[in-house]
Amino acid sequence: ELKVEQNPLFLSMQEGKNYTIYCNYSTTSDRLYWYRQDPGKSLESLFVLLSNGAVKQEGRLMASLDTKARLSTLHITAAVHDLSATYFCAVIGGSQGNLIFGKGTKLSVKP
Amino acid sequence: GAGVSQSPSNKVTEKGKDVELRCDPISGHTALYWYRQSLGQGLEFLIYFQGNSAPDKSGLPSDRFSAERTGGSVSTLTIQRTQQEDSAVYLCASSLTQLWNEQFFGPGTRLTVL
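All of the points below concern the structure found in this document. Keep in mind that this is a model prediction, so the values were computed, not measured.

### Quick word on the interface of chain A and chain B
The interface is formed by 18 residues belonging to chain A together with 18 residues belonging to chain B. Taken together, the two surfaces of chain A and chain B that pack against each other cover about 1,600 Å², and 55% of this comes from carbon and sulfur. At the boundary of chain A with chain B, the tally comes to 0 salt bridges. The tally of links from chain A across to chain B stands at 8 residue pairs in polar contact (both at pLDDT 80 or more).

Following this line, the structure appears as structure tokens:
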């Protein structure tokens, strides 16, 4: 059974600090997706990582993918309050192209 | 519209009633997915459509759940004889084609079964 594990599940940060969220998955996949979810809202696509060694950056967020280690990271630089949300990673789960999600990391950035 | 739309946004129903949830995907997207998000189970995949066809319905939680898609566009997820454990947010996503393409999610339908 394909599993996607994120850690930490809860993260409280101070503004201006850096931190990394980790996403491990249990089967081979050369694509990985990061989504953001604000409370009561739907999932917003952040990054699509398409190959081993892929790195993408958007503002204070940077995502990377190591397919050999089956690991993706989402690095937060100089956090600001607006980044408070739940972040999910996901991989393709099967022949139908459905996504298998991690449990999510709830990020809270405090002044 | 530019994005995936879903209706209703909220649905409160009594146990035992039937409900229908609707999803309108992005125009031109042939792949459509239904997921369910609940506190206990996280995000679960329910069913996938390529065009109007759902090749595998094994992700549906029980035989009270059914789904269809018509005209390669709108999809409805029907839950018969709702139970309290069906309470969740039902999310629909579409992508340009099956596999490897980015999925775009709708705002979801929050279902509460009393």
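### Topic: the pairing of strand 5 (residues 43–49) of chain A
Strand direction decides the pairing type here: strand 4 (residues 32–37) of chain A and strand 5 of chain A, joined by 6 bridges, are antiparallel. Within the sheet, the bridge partner assigned to A:Leu32 lies in strand 5 of chain A and is A:Leu49.

### Focus: the state of the cysteines
On inspection of all chains with the given rule, the structure shows 2 disulfides over all chains. With its sulfur 2.0 Å from that of its partner, A:Cys23 forms a disulfide with A:Cys89. An S-S torsion of about 85° defines the bridge between A:Cys23 and A:Cys89 as right-handed. Of this pair, A:Cys23 sits in strand 3 (residues 19–25) while A:Cys89 sits in strand 9 (residues 85–92), placing them 66 residues apart in sequence. Judged by relative accessible area, A:Cys89 falls into the buried class, the value being 0%. What pairs with B:Cys23 in a disulfide is B:Cys92, and their sulfur atoms sit 1.8 Å apart. In this structure, the disulfide formed by B:Cys23 and B:Cys92 twists by about -60° around the S-S bond and is classed as left-handed. Taken together, the positions of B:Cys23 in strand 3 (residues 19–24) and B:Cys92 in strand 8 (residues 88–95) put the pair 69 residues apart, joining distant regions of the chain. The same class applies to B:Cys23 as to B:Cys92, namely buried.

### A short note on the pairing of strand 5 (residues 42–50) of chain B
Residues and elements named next belong to chain B. Sheet topology places strand 4 (residues 31–38) next to strand 5; 8 bridges connect them, and they run antiparallel. Within strand 5, the residue paired with Tyr33 across the bridge is Tyr48. Between the end of strand 4 and the start of strand 5, which pair antiparallel, lie 3 residues.

### A closer look at the sheet that holds strand 1 (residues 4–7) of chain A
Residue and element names in this part refer to chain A. Strand order in this open sheet of 5 strands is 1-3-8-7-6, and the pairing throughout is antiparallel. The strands lining the two open edges of the sheet, one partner per strand, are strand 1 and strand 6 (55–58). Averaged over all pairs of adjacent strands, the angle between their axes in this sheet comes to 15°, without regard to strand direction. Here strand 6 runs beside strand 7 (residues 61–66); their pairing, made up of 4 bridges, is antiparallel. Residue pairing for strand 7: Gln57 is matched across the bridge by Met62.

### Examining the packing of aromatic side chains
On inspection of all chains with the given rule, the structure shows 10 aromatic pairs over all chains. With centroids separated by 6.2 Å and ring planes inclined at 70°, the aromatic side chains of A:Phe101 and B:Phe105 adopt a geometry described as edge-to-face. Of this pair, A:Phe101 sits in strand 10 (residues 99–101) while B:Phe105 sits in strand 9 (residues 104–105), on two different chains. Across the pair, exposure class does not vary: A:Phe101 and B:Phe105 are buried alike. Measuring from centroid to centroid gives 5.9 Å for B:Tyr35 and B:Phe45, while their planes differ by 65°, and the two rings are edge-to-face. Residue B:Tyr35 is located in strand 4, and its partner B:Phe45 is located in strand 5; the two are separated by 10 residues in the primary sequence.

What counts and what doesn't
Residues numbered from 1 in each chain as written. Chains lettered and ligands numbered in written order. Predicted model: local features only at pLDDT ≥ 70, side-chain atom pairs only at ≥ 80, totals over all residues. Heavy atoms only, no water. Contact = heavy atoms within 4.5 Å. Buried area = accessible area lost by both parts, 1.4 Å probe. Salt bridge = Lys/Arg side-chain N within 4 Å of Asp/Glu carboxyl O. Polar contact = N/O pair within 3.5 Å; in protein donor to acceptor, adjacent residues only side chain to side chain. Pairing = 2+ DSSP bridges. Helix = DSSP H or I, 4+ residues; strand = E, 2+ residues; numbered from the N terminus. Disulfide = S-S within 2.5 Å. Buried < 20%, exposed > 50% of the residue type's maximum accessible area, 1.4 Å probe, protein only. Axes fitted to C-alpha atoms, helices over the stretch in contact; angles between N-to-C directions. Phe/Tyr/Trp six-rings, centres within 6.5 Å; stacked < 30°, edge-to-face > 60°.

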